[in-house]
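# Analysis of the macromolecular model
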Amino acid sequence: MNPSDFVRSCVKKLSAYHVDPVPADVVLDANESSYALPPKLHERLVVLMAGTELNRYPDPDATYLKRAIAKKEGAGEDEILLGNGSDEVIQTLISAVCDPGDKILVMAPTFSMYKQIATYLNVETTEVPLNEKADLDYHEVLGAIDEFEPKIIFIATPNNPTGGNMHRDSMAAIMNFADGLVVIDEAYVDYSDKTAALLYQERPNVAVLKTLSKVGMAAIRLGYMMADKRLIEEVNKTRLPYNINSLTQAVATELLKNWDQLKPIFDKTKKERKRVMTSLCNANGITPNTSDANFIFFKYDGDPEKFFNSLIENGVRIRWFKGNPELNNCFRVTIGRPEENDRFISALEKSTP
Ligand code: PMP
């Protein structure tokens, strides 16, 4: 008897989310922020963590945290759903909206968890390739909506891994046409000049996802969705109790109240992005995509394994989409602190012909 046979076949077919980090001095592979918070803010967060009552359950409704998000975003407190990272919000949402056999629609390539989560919920995923500019091919998307009638359409903008914003007219056309829920995933929006965050207030078929993971708070795992309160009220019934722990509630609330203090970090990252972009454009055999995020996606014409290993030998680890048939020659480098970017630029020069 093999106890793994207790598990549903749609789960057995999956591979677990796996990170196999090769050790390196400079790690620019996960779209985290490498910037330290302003020291006084950091100190306040430490004091708040130290004062958290660890023997008590967290506030189940995360009242203060929702209040801080509502104030920062211009949203209603009842228009917010919280998750242990936006991964969890995506899971909660798909399980609340889709029956087994229903479909979701995603772009390709995009963030892998939409499909991964759908698969183990027995929800099918239709993938529509992005066009040659790594943007929405809205004719194809409308055709796929017509044919497959997805319950949810996920649009990440800026998109991961390709980095660019999606065209606003194409997004509007999709929102106008779709009968299903259109989820705009703005995980990287703080590095972009465009947002659709409050669009859900005009369009009840739209929900917006955000996360603190890309702005220096990946460790605390906080993501949220903003949508019409009638949708939030229903989806909230499937959220596990106490999913946002007390430490996260305390830290995130304070961070959101002091959001303005993060803006210099976003500006610095954008400035550094330009510098890294210039070096990528100047490197032989490299074709970078435009980026509105804290990372740059690029293709390398030569042997990808040699290139990746050479970067590692020079102390820098970036993301290689190894083994993915369409992306085997593609890489994604996170924008780090200036000294980390210097290391990357120097490793790049040594690793390209
Ligand atoms: N959406 C997108 C587009 C992402 O790239 C990621 C992280 N890689 C997430 C959501 C999930 O973020 P988290 O669970 O850390 O909030």
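Residues numbered from 1 in each chain as written. Predicted model: local features only at pLDDT ≥ 70, side-chain atom pairs only at ≥ 80, totals over all residues. Heavy atoms only, no water.

### Comments concerning the overall build of the protein
When helices and strands are tallied, the protein shows 12 helices and 12 strands. The globule rule puts the C-alpha radius of gyration for 353 residues at 20 Å, and the 21 Å found for the protein is close to it. Taken across its 353 residues, the protein has 51% of its residues classed as buried. Working note: accessible area of the protein is about 17,300 Å², and carbon and sulfur atoms make up 50% of it. Looking at the protein, you have 41 positive and 50 negative side-chain charges, and the mean spots of the two groups are 4 Å apart. (Helix = DSSP H or I, 4+ residues; strand = E, 2+ residues; numbered from the N terminus. Rg over C-alpha atoms; globule rule 2.2 N^0.38 Å. Buried < 20%, exposed > 50% of the residue type's maximum accessible area, 1.4 Å probe, protein only. Areas by Shrake-Rupley, 256 points an atom, 1.4 Å probe, with all protein chains shown as cover. Lys, Arg positive; Asp, Glu negative; His and termini not counted. Charge placed at Lys NZ, Arg CZ, Asp CG, Glu CD.)

### A closer look at the environment of V183
Tracing the chain through its elements places V183 in strand β6 (residues 181-185). Residue classification places V183 among the buried residues on the basis of a relative accessible area of 0%. C-alpha of V183 to C-alpha of N258: the two residues are 75 residues apart in sequence and 27 Å apart in space. With residues near it in sequence (within four places) discarded, V183 still touches L93, I152, I153, F154, I155, A207 and L209. (Contact = heavy atoms within 4.5 Å.)

### Re the sheet that holds strand β4 (residues 124-129)
Read across the open sheet, the 7 strands follow the order β2-β8-β7-β6-β5-β3-β4; overall the sheet is mixed. Both edges of this open sheet fall to β2 (80-83) and β4, since each of them pairs with a single strand only. In this sheet, adjacent strand axes meet at a mean angle of 25° when their direction is disregarded. Across the sheet, helix α3 (residues 63-73) lies against β2, β7 (206-211) and β8 (223-226), angled at about 120° from β2, the strand it touches most. (Pairing = 2+ DSSP bridges. Axes fitted to C-alpha atoms, helices over the stretch in contact; angles between N-to-C directions.)

### Description of the site of the ligand
What surrounds the ligand is the set G85, S86, D87, F111, N160, D185, A187, Y188, T211, S213, K214 and R221. K214 is positioned with one of its side-chain polar atoms (N or O) 3.1 Å from a nitrogen atom of the ligand. For the ligand, the protein covers 92% of the area, taking 400 Å² as the surface of the free molecule. (Near = heavy atom within 4 Å. Polar contact = N/O pair within 3.5 Å; in protein donor to acceptor, adjacent residues only side chain to side chain.)

### A look at the pattern of salt bridges
This model, assessed by the stated rule, comprises 18 salt bridges. Of the charged contacts in the structure, one is a salt bridge between E254 and R44, with a shortest N-O distance of 2.7 Å. Note that E254 is positioned in helix α9 (residues 246-257) and R44 in helix α2 (residues 39-50), a separation of 210 residues in sequence. The buried category is assigned to E254, whose relative accessible area is 15%. Where R275 meets D342, a salt bridge forms, and the shortest distance between an N and an O atom there is 2.9 Å. Of this pair, R275 sits in helix α10 (residues 263-282) while D342 sits in helix α12 (residues 338-351); the two residues are 67 residues apart in sequence, bridging distant segments of the chain. A residue is classified by how much of its surface remains accessible, and R275, at 31% relative accessible area, is partly exposed. The network of salt bridges with shared partners includes K72, E73 and K210. (Salt bridge = Lys/Arg side-chain N within 4 Å of Asp/Glu carboxyl O.)

### Comments concerning the state of the cysteines
The full count for this structure, using the stated rule, is 0 disulfides. With no disulfide partner, C281 has as its closest neighbouring cysteine sulfur the one in C330, 15 Å distant. (Disulfide = S-S within 2.5 Å.)

### Section: the sheet that holds strand β9 (residues 286-288)
Across the sheet, 5 strands lie side by side as β1-β11-β12-β10-β9; this open sheet has mixed pairing. For this open sheet the edge positions go to β1 (26-28) and β9, each flanked by a neighbour on one side alone. Here the strands of the sheet are splayed against their neighbours by 35° on average, with no regard to which way each runs. Looking at chain direction, strand β10 (residues 295-300) and strand β12 (residues 330-334) are connected through 5 bridges and run antiparallel. Paired with F297 across the bridge in β12 is R332. Sheet contacts for α10: β9, β10 and β12; angle to β10, the most-contacted strand, approximately 5°.

### Describing the domain arrangement of the protein
When cut into domains, the protein gives domain 1 (3-30 + 262-351) and domain 2 (39-257). Taken together, the contact pairs 23 residues of domain 1 with 24 residues of domain 2. Summed over both sides, the interface of domain 1 with domain 2 buries roughly 1,900 Å², with 59% coming from carbon and sulfur. Of all residues in domain 1, the largest losses of buried area upon contact with domain 2 belong to L14, F266 and D292, amounting jointly to 27% of the total for that side. Where domain 1 touches domain 2, the interface holds 1 salt bridge. We note a salt bridge from K270 to D193, for which the minimum N-O separation is 3.2 Å. Secondary structure elements with two or more residues in the side of domain 1 that touches domain 2: α1 (9-12), α10 and β10. Here the side of domain 1 that touches domain 2 takes 4 residues from α10, the largest share from any one element. For the side of domain 1 that touches domain 2, the per-class residue count stands at 12 nonpolar, 6 polar and 5 charged. (Domains from an automatic or database assignment. Buried area = accessible area lost by both parts, 1.4 Å probe. Nonpolar A, V, L, I, M, F, W, Y, C, P; charged D, E, K, R; others polar.)

### Details of a nonpolar patch on the surface
Taken together, the side chains of M1, F6, V7 and V11 present a nonpolar region at the surface, about 470 Å² in accessible area. By secondary structure assignment, the location of F6 is in the segment before α1. The exposure class of F6 is exposed, given its relative accessible area of 67%. (Patch = residues over 30% accessible without salt bridge, like charges linked within 9 Å, V, L, I, M, F, W, Y side chains within 5 Å.)

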